[in-house]
Amino acid sequence: MEELVVLNGGSLNGVIEIPGDKSISHRAVMFGAIADGLTRVRGCLMSEDVLATIEAFRSMGVAIDTRDQGHIKISGVGLHGLKSPARPINLGNSGTSMRLLVGILAGANIDASLEGDASLSLRPMGRIVSPLRQMGADIEMSVNETPPLRVRPTRKLTGISYSTPVISAQVKSGLLLAGLYAEGVTRISENGRSRDHSERLLPKFGIKLDISGNEVRLDGGQRLAGCDIAVPTDISSAAFFMLGAAISPASEILLPQVGFNETRNGVIEILRLMNADIEVRQKDTSGGEPVADISVKTSNLSGVNIPVELIPAAIDEFPAIFIAAACADGVTVLRGAEELRHKESDRISVMADGLRNLGIKVETYPDGISITGGNMTGGFVDACGDHRVAMAFSMATLKASGTVSIKNADGISTSFPTFFEVAKSAGLRIK
Ligand code: S3P
């Protein structure tokens, strides 16, 4: 795709089916691969990022049957059954694949190199490599602490007590996985609450964890037993439709059975603070994860100061939230969110550039942004290969006064391969 062109205007309506959760799909594949026996995953997201994880394990000798789209079967090889891959493993755009996989490889006693695309090659890996080295892992990274990574066999890992310098589920999960291979106890504490999908899913594979507050402990040497998993739909993908319905006239959508884990649903709290008309119903659980029906109607949004404690639970939704801010009355301010500069793109500067191109007043800070709501024009935006930036600006067209052309929007297939069909049938005027 050279350029994504979306005509302005329109509204979003109807029941919108969102695909499976990316974070949970990655974990289901990884845990299934190192489990003993068969794992069946229903509703697995078959996006480029998850396919990168699947291919990685195939290259290490794990049989994964993906013939029945979204219902995959993994023949686990057990904790110590992975084989050194013949070639470097390419993880594309996927930070989750790299940071969790290196935790497994640290203890798997094999030799492997991990690499990625231009964006992944710039992402910080010291945050996971340094504690893994403290556990005894032999891992090389570039001088800038970025990929490629080279993992060499290590005879023994030892559990550590570690306080993560950033609130990150990827770091926490990578260390928990390494902890399974380690002698003794691995203890991880965070200064806040990152998404807890690993803590919810590992017990399904028979792993015992102790959780108290923001600390997780796990005894090394436990083996995973294959199981059946149902993946809920992805609230991060649903968020673009929540945004679209809230900012466009005559809109009313229903998003059925969306993942509604409290470590992920910050976007709903923030949009509600902005006065969005969102209703959450039919709360249930699916595969150990809360789910809910979410309906959203046209709303008169107002600018807010985003509470810093809501950041971890909304960490992937800021591109959508920034577009909501551009469509709101008044000013929205976000501070304490330096992490956004280390996502698939520097989301503070890439979003600020795009919003300014559409006539919106924006100020940036090292750790945040302030956005003054106003009349959004049409124009040209560079998504810089970042899937969430591209989807957020596609929704902005519902409110813009002219066509928006989005460059480098190919990344959308890393998390939401059916976005175009789903968005078009809901009412987005994609050319
Ligand atoms: C993820 C954790 C978050 C999130 C990413 C997926 C995960 O990253 O931004 O999209 O699946 O664990 P951090 O751990 O870097 O916060």
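Residues numbered from 1 in each chain as written. Predicted model: local features only at pLDDT ≥ 70, side-chain atom pairs only at ≥ 80, totals over all residues. Heavy atoms only, no water.

*Asks:* Please explain the packing of helix H7 (residues 235-247) against helix H9 (residues 318-326) as it appears in this structure.
*Replies:* A pair of packed helices is characterised by two quantities: the angle between their axes and the separation of those axes. At a minimum axis separation of 9 Å, H7 and H9 run at an interaxial angle of 5°. Put simply, H7 runs roughly parallel to H9. Of the residues in H9, those touching H7 at Ala 239, Phe 240, Leu 243 and Ile 247 are Ala 320, Ile 323 and Ala 324. Class assignment for the residues of the contact of H7 with H9 results in seven nonpolar, no polar and no charged. (Axes fitted to C-alpha atoms, helices over the stretch in contact; angles between N-to-C directions. Helix = DSSP H or I, 4+ residues; strand = E, 2+ residues; numbered from the N terminus. Parallel < 35°, antiparallel > 145°, perpendicular 65-115°, else oblique. Contact = heavy atoms within 4.5 Å. Nonpolar A, V, L, I, M, F, W, Y, C, P; charged D, E, K, R; others polar.)

*Asks:* Looking at this structure, how should I read the domain arrangement of the protein?
*Replies:* It is common to report an interface's size as the accessible area lost on association of the parts. Taken domain by domain, the protein holds domain 1 (3-20 + 232-426) and domain 2 (22-230). Across the boundary between the two partners, domain 1 contributes 27 residues, which contact 25 residues of domain 2. Counting each side, the surface lost to burial between domain 1 and domain 2 is near 2,200 Å², with a carbon and sulfur contribution of 46%. Considering only the surface of domain 1 that becomes buried against domain 2, Thr 263, Glu 344 and Thr 414 emerge as the three largest contributors, covering 24% of it. Where domain 1 touches domain 2, the interface holds three salt bridges. The partner of Arg 193 in a salt bridge is Glu 262, with the nearest N and O atoms 3.5 Å apart. For the pair domain 1 and domain 2, the number of links is 14 residue pairs in polar contact (both at pLDDT 80 or more). Only strand S19 (289-297) and helix H11 (387-396) provide two or more residues apiece to the side of domain 1 that touches domain 2. (Domains from an automatic or database assignment. Buried area = accessible area lost by both parts, 1.4 Å probe. Salt bridge = Lys/Arg side-chain N within 4 Å of Asp/Glu carboxyl O. Polar contact = N/O pair within 3.5 Å; in protein donor to acceptor, adjacent residues only side chain to side chain.)

*Asks:* What am I meant to see in the nonpolar core here?
*Replies:* The nonpolar side chains of a soluble globular protein tend to be buried, and buried together. Among the nonpolar cores identified, the biggest contains 83 residues, and Phe 241, Leu 255, Ile 294, Phe 318, Ile 323 and Phe 393 are the most heavily contacted of them. Looking at which element gives the most residues to this core, the answer is H7, with ten residues. Discounting residues that sit within four places of it in the chain, Leu 255 has contacts with Ile 16, Ile 18, Ala 238, Phe 241, Met 242, Ala 292, Asp 293 and Ile 294. Counting residues in each nonpolar core, the second largest holds 70 residues, with Cys 44, Val 129, Leu 132 and Ala 182 among its members. (Core = buried A, V, L, I, M, F, W, Y, C linked by side-chain atoms within 4.5 Å. Buried < 20%, exposed > 50% of the residue type's maximum accessible area, 1.4 Å probe, protein only.)

*Asks:* Explanation requested: the pattern of salt bridges in the structure shown.
*Replies:* The tally for this structure, following the rule as stated, stands at 26 salt bridges. Of the charged contacts in the structure, one is a salt bridge between Asp 65 and Arg 67, with a shortest N-O distance of 2.6 Å. Among the salt bridges present, the one from Arg 347 reaches Glu 344, with a minimum N-O distance of 3.0 Å. Among the ionic contacts, a cluster of salt bridges with common partners joins Arg 195, Asp 316, Glu 344, Arg 347, Asp 386 and Arg 388.

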